[in-house]
Structures are given as C-alpha cells and as structure tokens.
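Chain by chain, the residues run as shown.
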Amino acid sequence: MRRVALFAFAALFFAYEQWSFYMWMQLHGTVSAGLAHAWATLRQDPMVFMAWNDMGVFTAIVLVWLARDLRARGRAIWWWPATLIMGCPPLLVYLATGSDASPRGAVPGTDPAVTRAP
C-alpha cells in the first residue's frame with residue numbers, strides 16, 4: 001500500500017508541477033520574464049527570500065542523503081540528477097522502490113543506510 005501511495009503522489013505532484021509551469025508561462029509569457037519576476041520578488045520580500053533559503057538547505061540535505069543512500073545500496077546514480085532537476089517526483093519513486101530493491105541485499109542493522117523504525 002505504501003508503494004502505491006508513493007507512486008500515486010509522485011504522479012499527482014508531477015502533474016501539479018507541469019500545470020504550475022504552464023500557468024507560470026501563461027502569466028509571464030517567457031521563461032526570462034518569469035525569472036525576472038521571481039528575482040524581483042525575492043529581493044522585495046524578505047519572507048519569500050527566507051523561504052527559498054530554507055528550501056535550498058533542505059534540498060541540499062536531501063541530496064546528500066540520497067547520494068549516500070545510492071552508494072550504500074549500489075543503486076543507479078541517475079536518481080541524483082533526476083531529483084536535482086525534477087524535485088520530488090523522482091525522489092518519491094525512489095522511496096517507493098528503494099527500500100526493498102537493494103541489489104546487495106542489505107538488512108537493517110548491518111548497513112547504516114538501511115535502518116527502519118520499530
């Protein structure tokens with residue numbers, strides 16, 4: 001059930017990202033105009049700037065964890081750039097497939113990257 005929920009949420013989030021990009025392009029016309037507006041908003045609103053900083057730190061932490069987990073499990077490295085570029089959808093798919101898909105067969109307690117809460 002957990003896997004199905006993660007796959008469904010990844011698909012919904014991906015659709016939401018595509019819709020958001022489409023609406024952003026409708027609003028601004030070009031990517032450069034949209035980025036100029038985003039930059040102006042970041043400079044004018046300290047709370048938006050703080051939120052972007054927080055998201056950046058969180059993203060860095062997740063990407064470091066993901067790189068370590070990929071190495072520990074011997075999984076394909078393409079998950080890392082996919083998550084960096086596309087955000088949450090590939091990460092959710094990785095989480096849906098990652099915990100039981102280790103080719104090395106790591107078990108909880110023997111691999112620090114494979115720990116489960118009781």
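Residues numbered from 1 in each chain as written. Predicted model: local features only at pLDDT ≥ 70, side-chain atom pairs only at ≥ 80, totals over all residues. Heavy atoms only, no water.

Novice: Requested: an account of the pattern of salt bridges, with residues and values cited.
Specialist: Applying the stated criterion to the full structure yields one salt bridge. As a salt-bridge pair, Asp 69 and Arg 73 come within 3.0 Å of each other at their nearest N and O atoms. Linking Asp 69 with Arg 73, this pair stays in helix α3 (residues 46-73), spanning four residues, or about one helical turn. Take Arg 73: its relative accessible area is 6%, and that puts it in the buried class. (Salt bridge = Lys/Arg side-chain N within 4 Å of Asp/Glu carboxyl O. Helix = DSSP H or I, 4+ residues; strand = E, 2+ residues; numbered from the N terminus. Buried < 20%, exposed > 50% of the residue type's maximum accessible area, 1.4 Å probe, protein only.)

Novice: Any chance you could break down a nonpolar patch on the surface for me, citing the residues and the numbers?
Specialist: Taken together, the side chains of Phe 14, Leu 84, Ile 85 and Met 86 present a nonpolar region at the surface, about 400 Å² in accessible area. Among the elements that make up the nonpolar patch, the one with the highest residue count is helix α4 (residues 79-86) (three residues). (Patch = residues over 30% accessible without salt bridge, like charges linked within 9 Å, V, L, I, M, F, W, Y side chains within 5 Å. Areas by Shrake-Rupley, 256 points an atom, 1.4 Å probe, with all protein chains shown as cover.)

Novice: Pulling in residues and values, what's your account of the packing of helix α2 (residues 31-44) against α3?
Specialist: Packing of α2 against α3 brings their axes to within 5 Å, and their N-to-C directions diverge by 105°. When the interaxial angle is binned, α2 and α3 end up roughly perpendicular. Where α2 approaches α3, its residues Thr 41, Leu 42 and Gln 44 are matched on the opposing element by Pro 46, Val 48, Phe 49 and Trp 52. For the contact of α2 with α3, a count of residues per class yields five nonpolar, two polar and no charged. (Axes fitted to C-alpha atoms, helices over the stretch in contact; angles between N-to-C directions. Parallel < 35°, antiparallel > 145°, perpendicular 65-115°, else oblique. Contact = heavy atoms within 4.5 Å. Nonpolar A, V, L, I, M, F, W, Y, C, P; charged D, E, K, R; others polar.)

Novice: Break down the packing of helix α1 (residues 2-28) against α2 for me, citing the residues and quoting the values.
Specialist: Two elements in contact, α1 and α2, have axes separated by 8 Å at closest approach and are oriented at 90°. On the basis of the axis angle, α1 is roughly perpendicular to α2. Residues Phe 21, Trp 24, Met 25 and His 28 of α1 lie in contact with α2, whose contacting residues are Val 31, Ala 33, Gly 34, Leu 35 and His 37. Considering only residue class, the contact of α1 with α2 consists of six nonpolar, three polar and no charged.

Novice: I'd like a description of the nonpolar core, backed by residues and values.
Specialist: Counting residues in each nonpolar core, the largest one holds six residues, listed as Val 62, Leu 66, Leu 70, Trp 79, Leu 91 and Tyr 94. For this core, the elements supplying multiple residues, two or more each, are α3 and α5 (88-98). When residues in this core are grouped by element, the largest group, three residues, is from α3. (Core = buried A, V, L, I, M, F, W, Y, C linked by side-chain atoms within 4.5 Å.)

Novice: Outline α3, supporting the account with residue identities and numerical values.
Specialist: Between its terminal C-alpha atoms α3 stretches 40 Å, which fits the 40 Å expected from 28 residues at 1.5 Å a residue. By the burial criterion, the buried members of α3 are Val 62, Leu 63, Leu 66, Ala 67, Asp 69, Leu 70, Ala 72 and Arg 73. Near the N-terminus of α3, the side chain that reaches the backbone nitrogen of Met 47, with its oxygen 3.0 Å away, is that of Asp 45. Gly 74 sits one or two positions beyond α3 and adopts a positive phi of about 70°. (Expected span 1.5 Å × (residues − 1). Polar contact = N/O pair within 3.5 Å; in protein donor to acceptor, adjacent residues only side chain to side chain.)

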